[in-house]
Amino acid sequence: MIREIKKYELDKLLELYTHLHELGVPDCSEHLNNTWDTICNDKNHHIIVCEIDGKIVSSCVCVIIPNLTRNVRPYAFVENVVTHKDFRGKGYASDCLAYAKALAQRENCYKMMLLTGSKSESTLNFYKNAGYNCDDKTAFVQWL
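Described in the following lines is the structure provided in the data block. These figures come from a predicted structure and were not determined experimentally.

## Section: the pattern of salt bridges
When the charged atoms of two side chains lie near each other, side chains of opposite charge can form a pair. Under the defined criterion, the tally for this structure stands at four salt bridges. A salt bridge links Glu9 to Arg3, with the nearest nitrogen and oxygen atoms 2.6 Å apart. Residue classification places Glu9 among the buried residues on the basis of a relative accessible area of 3%. A salt bridge links Asp37 to Lys7, with the nearest nitrogen and oxygen atoms 2.8 Å apart. Linking Asp37 in helix α2 (residues 30–40) with Lys7 in the loop between β1 (2–4) and α1 (10–17), this pair joins segments that are 30 residues apart in sequence. The network of salt bridges with shared partners includes Arg3, Glu9 and Glu51.

## Observations regarding the pairing of strand β4 (residues 75–83)
By the bridge criterion, seven bridges tie strand β3 (residues 55–65) to β4 in an arrangement that is antiparallel. Across the sheet, residue Ser59 finds its bridge partner in β4, namely Val82. Where β4 lies against strand β5 (residues 112–114), three bridges are found, and the strand directions are parallel. Opposite Val78, over in β5, you have Leu114 as the bridge partner. At this point the chain moves from β4, through helix α3 (residues 92–106), to the parallel β5, and the crossover so formed is right-handed.

Criteria and thresholds
- Residues numbered from 1 in each chain as written.
- Predicted model: local features only at pLDDT ≥ 70, side-chain atom pairs only at ≥ 80, totals over all residues.
- Heavy atoms only, no water.
- Salt bridge = Lys/Arg side-chain N within 4 Å of Asp/Glu carboxyl O.
- Buried < 20%, exposed > 50% of the residue type's maximum accessible area, 1.4 Å probe, protein only.
- Helix = DSSP H or I, 4+ residues; strand = E, 2+ residues; numbered from the N terminus.
- Pairing = 2+ DSSP bridges.
- Right-handed = clockwise from strand over helix to strand, strands pointing away.

Written out as structure tokens, the structure reads:
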């Protein structure tokens, strides 16, 4: 089932993120809880999950960003695309990205963007098969 996360599922999401690039689940702290509350209360911040037998096995974040250009149409930014290692290759991340695309279309976004740090040909092909291209824009990242 593809859906948006529920507020009480933070622990499940943090566990899934260990299959992304996190080395472990962060300690419960006031900062973590405040950040989670901010995300949950932001109508433009969507955490999309795939749930199989009560377990969150895949997810992505889709943030709708208001914009003053392109006829005052927003755009969407996708981040933190991840699937549990035991559930990869089954189309769950593709389903999460399709949900994000439908959400962006419903919000009248004029484009969707995502960045990946992966250089893996299979990962890049995954994003191309999901409808993204790497020809239209050049991305730059400045780590802080």
